[in-house]
Amino acid sequence: MQQAIDSVVVETKGQGFYEMTRALGSFVARSGIETGLCTAYIRHTSCSLLIQENADPDVQTDLLGFFRRLVPEGMDWLAHTLEGPDDMPAHIKAALTQTSIGIPVSNGRPVLGAWQGLYLFEHRHNPHRRELVLHIIGE
Amino acid sequence: MQQAIDSVVVETKGQGFYEMTRALGSFVARSGIETGLCTAYIRHTSCSLLIQENADPDVQTDLLGFFRRLVPEGMDWLAHTLEGPDDMPAHIKAALTQTSIGIPVSNGRPVLGAWQGLYLFEHRHNPHRRELVLHIIGE
Amino acid sequence: MQQAIDSVVVETKGQGFYEMTRALGSFVARSGIETGLCTAYIRHTSCSLLIQENADPDVQTDLLGFFRRLVPEGMDWLAHTLEGPDDMPAHIKAALTQTSIGIPVSNGRPVLGAWQGLYLFEHRHNPHRRELVLHIIGE
């Protein structure tokens, strides 16, 4: 058994989806591991990870639209408002999605489905420097 | 250390919960691994995975009822409507639940709690052929 | 490669966040593993796990407030009411958050971000005895 760990920095420019599928595939390929488990982990609590459809971009638009409606800015009962009106909604959206996703690896590739992509889901408006940690174990 | 990987095809027949607990336990048993980590991964973005109560079937009925109310069909602001009125709600429900779940293994069995079952949560109305990937590593 | 598995019992006293960050760090340190993958798994379906901000306690208050509004007690269409008015909402909140979280380990420590903590998120009002399983693999 072998393992590898690396981190990828992503400069986000506002709310939306930043595709990490290529970074994931490249990390798995560099590891030389044919069969195993790859874990993607985001070191933040106001953005998150999501595996979603990578075909029709309208899916991402609608996901953004849904989360903005479900967790709107300006809920007047919020206490944590010091970091701006989008910060607490960002924490809530992160809680409703994922911080960590494990993806099996087979034939040297993550077993993503035909329409699946791995995304960093940014919930803040301002630019942020985000760090994604990738780990793989297998042989 | 050893590992094993396999996939299970599930033919779904509409929205609801399809129990995978037995397939999971059988995969772990066949691997011969006593202690380790088992990962269940679903290769789709309009169904998802969930660990939930396997005792009272009303829990599943109510979960379905809640998700249908939270993400109703017919939201008039949706852009991704080409694949039918249940498709974009299905992507949203998948985003709100899980694509991948890691379950430790001890004494040759997944450490599910007494009332826990692993479910494929289908969000589409029409029949679908779904593929669940199972991976285990340990010894 | 080595691995370790252990479980931690948490006595909860009502809805809220119970920090598990120290228990996680201590488990990783005791394992002697420098690089690897640690998995936290909760054996229940009416509480869950969450990685969230550990700095401003208002974040936890607001998360609680949001989930109570999103999944209120007393929804009159619920069927599973035998175990009390907070039980089915608890299952729904668990479905919306996590049962299992994988965290890479580097330099003998989980790679939690500067503001990240691991929490048991209790959704029931009455005291409960909860069991968290921790597994680590690496070297």
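Residues numbered from 1 in each chain as written. Chains lettered and ligands numbered in written order. Predicted model: local features only at pLDDT ≥ 70, side-chain atom pairs only at ≥ 80, totals over all residues. Heavy atoms only, no water.

Peer 1: Can you help me understand the relation of the copies chain A and chain C in this one?
Peer 2: The operation linking the two copies of the chain is a rotation about an axis combined with a translation along the axis. It takes a turn of 120 degrees to lay chain A on chain C, together with a shift of 0.0 Å along the axis; the resulting RMSD is 0.0 Å. Viewed as a symmetry operation, the transformation between the two copies matches a three-fold axis. Looking at the rotation axis and the C-alpha trace of chain A, the residue lying nearest is L96(A), at 3.4 Å. (Least-squares fit on C-alpha atoms with pLDDT ≥ 70 in both.)

Peer 1: I tried to follow the relation of the copies chain A and chain B on my own but got confused; where do I start?
Peer 2: Taken as rigid bodies, chain A and chain B are interconverted by a rotation of 120 degrees and an axial shift of 0.0 Å, the fit giving an RMSD of 0.0 Å. Interface residue correspondence from chain A to chain B reaches only 20%, placing this contact among heterologous pairings that use different surfaces. (Contact = heavy atoms within 4.5 Å.)

Peer 1: Can you help me understand the pattern of salt bridges in this one?
Peer 2: As enumerated under the stated definition, the model contains 18 salt bridges over all chains in all. For D86(B), the salt bridge identified is with R124(B), shortest N-O distance 3.1 Å. Linking D86(B) in the loop between α2 (58-70) and α3 (87-96) with R124(B) in the loop between β7 (116-122) and β8 (127-138), this pair joins segments that are 38 residues apart in sequence. What you see here is one network of salt bridges that share partners, running through D86(A), D87(A) and R124(A). (Salt bridge = Lys/Arg side-chain N within 4 Å of Asp/Glu carboxyl O. Helix = DSSP H or I, 4+ residues; strand = E, 2+ residues; numbered from the N terminus.)

Peer 1: Where do I start with the interface of chain A and chain B in this structure?
Peer 2: Accessible area lost upon the coming together of the parts serves often as the stated size of an interface. Each side of the interface is counted separately: chain A has 35 residues, and chain B has 32 residues. Around 2600 Å² of area is buried between chain A and chain B when both sides are counted, 65% of it from carbon and sulfur atoms. Looking only at chain A, the three residues that lose the most surface to chain B are M1(A), D62(A) and F66(A), adding up to 22% of its buried area. Taken together, the connections running from chain A to chain B amount to zero salt bridges. (Buried area = accessible area lost by both parts, 1.4 Å probe.)

By themselves, these observations are geometric and do not establish any function.
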